[in-house]
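# Observations on the model geometry
Given next are the chains, with one letter for each unit.
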Amino acid sequence: MNKLVFARSLLGGAAMVAMSLLAQAQAQTAYVSSEKDHTLTVIDLKTQAVTGTVPTCRRPRHVQLTPDGKKLLVACAESNAADVIDLATRKSVGRLAIGEDPEAFDLSPDGKTLYISQEDDAALGFFDIASGKFTRTVEVGKEPEGVKASPDGKLVWVTSEVANMVHVIDAATGKVVKNVKVGKRPRRLALTPDGSQLWVTNEMSASVSILSTKDWTVTDTIQFEVKGARSTDITPVGITMTKDGKQAFVALGRANHVAFVDVASHKTTALALVGKRAWNVTLDKSEKQLLVVNGLSDDVTLVDVATAKPLKSLPVGRVPYGAVIVE
Amino acid sequence: MRRLILVALLAGAAFGAAQAATFKLTLLVPADDARLERSRTERAYLGHPGGPAADGLLVALKEAKFELEAAGAVLTLDTVPVANAAAAKDAAQKAEKGGAAVVLTDLPADWTLAAADAVKLPVMNLGDASDRLREQDCRPRLLHLLPSERMRTDALAQTLAAARWSQVLLLTGPAPADAQRSATAQASIKRYGLKLVATKPFKLSADPRERDLANLKLLTGTTGNATYDVVWVVDSDGEFARTLPYRTSLPRPVVGDAGLTALAWSAQFERFGAPQVSRRFTKATGRPMTAHDWASWMAGKAITSAATEVPKGPAVAFAKALNELEFDGSKGTPMSFRPWDGQLRQPMLLTDGQGVVAMAPVEGVLHPKNNLDTLGVDAPEKLCKVARP
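### Digging into the overall build of chain B
Looking only at helices and strands, one finds 14 helices and 13 strands in chain B. Against the compact-globule benchmark of 21 Å for 389 residues, chain B has a radius of gyration of 21 Å, which places it among compact chains. Based on the C-alpha atoms only, the size of chain B along its principal axes is roughly 75 × 45 × 40 Å. For chain B, buried positions account for 56% of its 389 residues. Long-range pairs, those at least 24 residues apart, make up 68% of the contacts in chain B with a sequence separation of at least 6. Approximately 16,300 Å² of chain B is accessible, and the part contributed by carbon and sulfur atoms is 55%.

So, in structure tokens, the structure goes:
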């Protein structure tokens, strides 16, 4: 199967599309955005090797799979657009003008609306993908960052790094339902699978705030500690959870570790040493491997979930930002 | 000529917050500010102000709108130009009587001291880097946003030590502040194990009889076997320093007040959300954000953070929050005021004006409590003798 991927990259062209689809049906491929190379680095997770790059618009940051699993959307800061990358051909098939300097976004569950934090305008934009137009702009705190749409499509959450808040926004009306004060410089969000808790990483507080989705109170704050690191060097950003909602993974930024957190007890069960400034984290489908993007060492680290041991670090493009695993 | 700017209107209603408390800010600026004459700001010497101190403050207050509204706090900024130390004292007293929560100064050191001695309020020094305000002339409620001269020289000395550029030729200017600043530079050179090859005074002059003081090649020539790795120039005025890079006798870098300079901020800083801050500032003011602008913006950030923490006051609680909170200033690490001298501890940027070359504290320089305290006066030195709250 790996030979197939290799052959395709040698031959290329339309004739190979069918073959690559076949390959992808069995493959386990990671795409890692690189802010300074304007590419996605392609990694075959089965062989743990870099197999190529896909050119994108300029300064790609957040990457996300479309709900049909066929395309990647990549927000590009310097192109003021999102690139639409077709996974079968690994080529750009379109651009969405999603506003100035885009970084983080999420899609509505139906895949029709793209919610984008607009850092310079301190707003959350509702972008209609079909028409390519903004249908709504909601004013939020300065430097909005992490965005997440609720699975039922009713709410959108966005963090403001300056206001130190999570804004709870009604997706239908665009009204800010609630402003929840969390830790300093809130970055990314994860929802427990049962929908009861929203976890928010606080980059400047070395913590995760846990919000109850019932009444939007902060029910607990998980403070991270790493032996030998001062709390100011623990700068959590990326976060993800297992599908059973038992385990969370938090990238601790400059502390160069990923924390494994037991969701029920809020306790850190393990710390895995990764590269410099662990930034975003992604699980594969079987939840056996965690891919950690290291922003300052231009590499990614694959971590074994069962043992919390790093398996391998692979060099990618300059200033890697985010990753998607396609299986 | 008093300008009252209402920054955040009562918006508690939107979020059902309780009745808003008002925090009055009074900013004292020089009535006639030679630093801001067009001929100077146009030259944009590194480390010199680029415009009024109110600019950074207003940007910070505006961007805290959401937090302030949610907390139910209102901030107003009153800018008062003063002509001398006595006027600064009067204006500070008047502000205190008028219910101000904090006085901010962008004034010469003596004027700031006159204001600080006149009131029981927190006084925030935005624009003066003199070490004496943090040392022998420190005051109990005086806080400093701009890094001290010693923080700047420590940052530079650390950077040179890390690069192993240890042989330093020091050139010192004739401005009143230069002798003291040169002594500070020499203390940092000593502390970080650099070697002072020679120290020479300079003067701007075309007079052939003064060529030993004014000719760049002669000043930077090697007498005997003395060679050097860098030329460190101390020039508060800036004109001489600007002429120095690429015109030294030996092909060596210039550091200090030209070439590589240690500053609180650079508009070219790319990390920790800094570009967004610089961009907001430029959008609002039409000019690049300098280190002085960062200091006033940071004062606004500290004030809004404290006001959000204790939105209903009273003034004592506000002052306490200001002194104890940690602030985010888009330099990648939480910052707070040092209890021993009121200085905001902060990372420094080493810049040549084109980009950020390095940050200090440099990697590998360690401190028992907080690495940021390797820059500037540390607690055990006990150079500020007054009791601070």
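That shown, we press on.
### A look at the pairing of strand β1 (residues 29–34) of chain A
All names here are of chain A. Extensive coverage of β1 is indicated by the burial of six of its six residues. Of the two faces of β1, both are covered, the one formed by T29, Y31 and S33 as well as the one formed by A30, V32 and S34. In this sheet, strand β28 (residues 320–326) lies alongside β1 in antiparallel orientation, the contact comprising five bridges. Counterpart to T29 in the pairing with β28 is V326. As defined by bridge partners, β1 adjoins strand β2 (residues 39–44) across six bridges and the pair is classed as antiparallel. In the strand pairing of β2, S33 is matched with L40. Joining the antiparallel neighbours β1 and β2 is a turn of four residues, in which H38 adopts a positive phi near 55 degrees.

### A look at the sheet that holds strand β10 (residues 123–128) of chain A
Residues and elements named next belong to chain A. Spatially, four strands are ordered β8-β9-β10-β11 in an open sheet, and the strand pairing comes out antiparallel. Edge positions in the sheet fall to β8 (105–107) and β11 (133–139), since each of these pairs with one other strand and no more. Sheet twist, expressed as the mean angle between neighbouring strand axes with direction ignored, is 20 degrees. For β8 and strand β9 (residues 113–118), the ladder comprises three bridges, and the chain directions are antiparallel.

### Here's the deal with the pairing of strand β8 (residues 195–201) of chain B
Relative to β8 of chain B, strand β7 (residues 167–172) of chain B is paired through six bridges, and the arrangement is parallel. What sits directly across from L170 of chain B, in β8 of chain B, is T199 of chain B.

### Considerations on the interface of chain A and chain B
On the chain B side, the residues contacting the 26 residues of chain A number 30 residues. When chain A packs against chain B, the two sides together hide about 2,400 Å² of surface, and 45% of this comes from carbon and sulfur. Contact with chain B buries surface across chain A, with D120, M204 and R230 of chain A losing the most and accounting together for 22% of the total. The interface formed by chain A and chain B includes eight salt bridges. Of the charged contacts in the structure, one is a salt bridge between E139 of chain A and K65 of chain B, with a shortest N-O distance of 3.0 Å. Joining chain A to chain B, the criterion identifies 14 residue pairs in polar contact (both at pLDDT 80 or more).

Criteria and cut-off values
- Residues numbered from 1 in each chain as written.
- Chains lettered and ligands numbered in written order.
- Predicted model: local features only at pLDDT ≥ 70, side-chain atom pairs only at ≥ 80, totals over all residues.
- Heavy atoms only, no water.
- Helix = DSSP H or I, 4+ residues; strand = E, 2+ residues; numbered from the N terminus.
- Rg over C-alpha atoms; globule rule 2.2 N^0.38 Å.
- Buried < 20%, exposed > 50% of the residue type's maximum accessible area, 1.4 Å probe, protein only.
- Contact = heavy atoms within 4.5 Å.
- Areas by Shrake-Rupley, 256 points an atom, 1.4 Å probe, with all protein chains shown as cover.
- Pairing = 2+ DSSP bridges.
- Axes fitted to C-alpha atoms, helices over the stretch in contact; angles between N-to-C directions.
- Buried area = accessible area lost by both parts, 1.4 Å probe.
- Salt bridge = Lys/Arg side-chain N within 4 Å of Asp/Glu carboxyl O.
- Polar contact = N/O pair within 3.5 Å; in protein donor to acceptor, adjacent residues only side chain to side chain.

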